[in-house]
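These are the residues of each chain, in order.
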Amino acid sequence: MTPRQKTKGMIEDSRVDFLVMGSGIAGLWTALRLADAGKVCVITKKGEVESNTNYAQGGIAAVLSKMDSVDAHIADTITVGGGLSRPQIVRGVVEAGPAMIRALIDVGVRFSYRRGLHTMANLDLGLEGGHSAPRVAHATDLTGQEIETALVTALTTHPNATLLVHHLAIDLLLDRRNGERRCAGAIVFDRYRRVIERIMAPVTILATGGLGQVYRYTTNPAIATGDGVAMAYRAGCRVANMEFVQFHPTRLCAPKAGRFLISEATRGAGGILRNGRGEAFMHRFHPLGDLAPRDVVARAIVSESRRTRSRCAYLDLTHLKPEFLRKRFPNIAARCRELGIDITREPIPVLPAAHYACGGVVTDEQAQTDLPGLWAAGEVASTGLHGANRLASNSLLEAMVFADRAATSARRRHASLARLLPDKPPRVTLPAVGRVVRHRRSWTRLRQTMWTYVGIIRDGAGLRTAVRTLRELHRSAEERFRRLGVNGDTLEYRNATLIGELIAKSALKRRESRGLHERTDYPRTDDQQGTVDTILKRTR
């Protein structure tokens, strides 16, 4: 980065070749791919690098076995996607899978192998819900953490890369000269030094991850407040299919469990879901039983919990060998043991929780958004892969593939975009840096509204109530932003209320049940209406 120039009003300016927002697998891989082509700046909201990638226990899906095939992985993805996945996108992502695994190994990721040589052919492949064959490469049950550690190490040792922690993007910098609109970087808040920065760049990549914090119960980290989607929407980009929020079926349901989830790989290894009466029930909901797609399993758990008047369901692993469980799932076994649960002797209490956004900022096949100079990759983007529901462990695969494409496309476009970048940052009106303010009651109202009316099962009356409430909350959040000034919680709450409103509006607009979106007032799937994406775009 060029040296930051101190300007009046505690605003600092800098300029880089590539600005990457987000430090999960998509952001880090994009940055690594770009670092040889120029100065790269990665901003992340936390001091310690935290992301949804870190929380991914299961692994990354790819066709790596002679017992599997590209066509089978494509078919599984499209089937689970409920008719909304784009076949061309699915094929391209699936075909790139083995190369992505090889790239991660080359950068230092230590996957789990069967006994013998550590070769691609000898990877220990897991089976998860919706998959017709074992194809999930993993690092025991800490895959995300292993990937994150390897990528951060590689990036921070590269001379062209800068990682800025405690940095939260406020909005995109827009260059509106000559009647056109381009992304020229971002306005960023340094939470540690409490300074506003304008970081200019001809190429900006959104890799800001998920939005699970808009819900009362989630598996996502605290930073998952939908910032990237909110910023892109405010800048005029289209967002698509926001109604398709995936609820992971098996979040640990225990006091002090926090956001800890129980990997789907436990069911792939033979785990059985039981209701409060100890009865196995998934065979009554889907032919695949406990390995049904996530939307089916989540709704089945809710249904059985209500029917049996139980607070949760129970994942039973007690029939599996204790040695196997401790070796295959060391993180899960250790966390449960801390909470007084011995997974070798007693079932694990579980409930669904908001987990993954299948919709997001619309991109093309090269990860480019509607806004010139802006790319998006990972959970923040809507690429056409997941459709109405995500196949387990396809998220890290999609993030890698589209991060790779974003880097290739951005490198090709960099020179022409750099010539168009203004010498000085575009003028923007910003509130001053404000004092630290917490909006605990407002967050509670937002999350409870989303959980009650825009959760696993929805209806029109509830969604209309949600839209009215969320619109009110968002207006209030914008007013607080102008009045209280820039601080971390106000910025995140501003974004989260907008995200909640977008999800509710999208859900109200889709008058059918499909994939992750189930409406009791429109219980059937409407193939004429349903195969069309739900698109929202700012009109003012």
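It should be noted that the structure appears before, not after, this text.
The structure contained in this document is the topic of the report that follows. (Residues numbered from 1 in each chain as written. Predicted model: local features only at pLDDT ≥ 70, side-chain atom pairs only at ≥ 80, totals over all residues. Heavy atoms only, no water.)

Scanning the protein chain from terminus to terminus reveals 15 helices and 21 strands. Relative to a compact globule of 540 residues, whose C-alpha radius of gyration would be 24 Å, the protein chain shows 22 Å and is just as compact. For the protein chain, the spread of C-alpha atoms along the three principal axes comes to 65 × 55 × 50 Å. Residue burial in the protein chain is summarised as follows: out of 540 residues, 62% are buried. Sequence-distant contacts, at least 24 apart, represent 73% of the contacts inside the protein chain between residues at least 6 apart. Roughly 21500 Å² of accessible area belongs to the protein chain as shown, and the carbon and sulfur atoms make up 50% of that amount. One way to put it: in the protein chain the 80 positive side-chain charges average out to a point 5 Å from where the 53 negative ones average out. (Helix = DSSP H or I, 4+ residues; strand = E, 2+ residues; numbered from the N terminus. Rg over C-alpha atoms; globule rule 2.2 N^0.38 Å. Buried < 20%, exposed > 50% of the residue type's maximum accessible area, 1.4 Å probe, protein only. Contact = heavy atoms within 4.5 Å. Areas by Shrake-Rupley, 256 points an atom, 1.4 Å probe, with all protein chains shown as cover. Lys, Arg positive; Asp, Glu negative; His and termini not counted. Charge placed at Lys NZ, Arg CZ, Asp CG, Glu CD.)

So, about the pairing of strand E3 (residues 18-21). Burial of the side chains of E3 extends over both faces: Phe18 and Val20 are buried on one face and Leu19 and Met21 on the other. Pairing analysis gives four bridges linking E3 to strand E4 (residues 40-43), with the strands arranged parallel. The residue of E4 that forms the bridge with Phe18 is Val40. For the crossover that starts at E3, traverses helix H1 (residues 25-34) and ends in the parallel E4, the hand is right-handed. For E3 and strand E12 (residues 203-206), the ladder comprises four bridges, and the chain directions are parallel. Bridging from a neighbouring strand, Leu19 pairs with Thr204 of E12. (Pairing = 2+ DSSP bridges. Right-handed = clockwise from strand over helix to strand, strands pointing away.)

Turning to the sheet that holds strand E20 (residues 381-382), a few remarks are in order. On the basis of which strands lie adjacent, the open sheet formed by four strands has the order E20-E18-E13-E21 and mixed pairing. At either margin of the open sheet sits one strand with a lone partner, and together these are E20 and strand E21 (535-536). With two bridges joining them, strand E13 (residues 239-240) and strand E18 (residues 360-362) adopt antiparallel strand pairing. Pairing of Val239 across the sheet is with Val361, part of E18. Against the sheet, helix H6 (residues 227-234) contacts E13, E18 and E21, and its axis sits at roughly 40° relative to E18. (Axes fitted to C-alpha atoms, helices over the stretch in contact; angles between N-to-C directions.)

Strand direction decides the pairing type here: strand E15 (residues 272-274) and strand E16 (residues 313-316), joined by three bridges, are antiparallel. Residue pairing for E16: Leu273 is matched across the bridge by Leu315. With three bridges connecting them, E16 and strand E17 (residues 348-357) associate as antiparallel partners. Bridge pairing links Leu315 to Ile348 in E17.

What follows concerns the sheet that holds E4. Here we have five strands laid out as an open sheet, ordered E8-E4-E3-E12-E19, and parallel in their pairing. With partners counted over all chains shown, the strands left at the sheet margins are strand E8 (161-164) and strand E19 (374-376), one partner each. If you compare each strand with its neighbour and ignore which way they point, the axes differ by 20° on average.

Under the definition given, this model contains seven aromatic pairs. Their ring planes at 80° and their centres at 4.9 Å tell us that Tyr217 and Trp451 sit as a pair that is edge-to-face. Residue Tyr217 is found in the loop between E12 and H6, and its partner Trp451 is found in helix H12 (residues 440-453); the two are separated by 234 residues along the sequence. Residue classification places Tyr217 among the partly exposed residues on the basis of a relative accessible area of 27%. Note on Trp451: relative accessible area 23%, which makes it partly exposed. The interplanar angle of 85° and the centroid separation of 6.2 Å between the aromatic rings of Phe281 and Phe285 together place this pair among those described as edge-to-face. Phe281 sits in the buried class, given a relative accessible area of 0%. On the basis of relative accessibility, which here comes to 32%, the residue Phe285 falls in the partly exposed class. One cation-aromatic arrangement involves Arg390 over Tyr356; the distance from NZ or CZ to the ring centre is 4.2 Å. (Phe/Tyr/Trp six-rings, centres within 6.5 Å; stacked < 30°, edge-to-face > 60°. Lys NZ or Arg CZ within 6 Å of the ring centre and 35° of its normal.)

This next bit is on the side chain of Asp171. With respect to the helices, strands and loops of the structure, Asp171 is situated in strand E9 (residues 167-175). On the basis of relative accessible area, Asp171 is assigned to the buried category, the value being 16%. Engagement of the side chain of Asp171 in a polar contact is seen with the side chain of Arg494, the distance being 3.3 Å. Residues in contact with Asp171, not counting those within four places in the same chain, are Ala186, Ile187, Met231, Arg234 and Arg494. (Polar contact = N/O pair within 3.5 Å; in protein donor to acceptor, adjacent residues only side chain to side chain.)

Let's shift gears to the side chain of Asp404. Its location among the elements puts Asp404 in helix H11 (residues 394-420). A distance of 2.8 Å separates a polar atom in the side chain of Asp404 from a polar atom in the side chain of Arg33. Setting aside residues up to four positions removed in sequence, Asp404 forms contacts with Trp29, Arg33 and Met100.

Keep in mind these numbers describe shape, not what the thing actually does.
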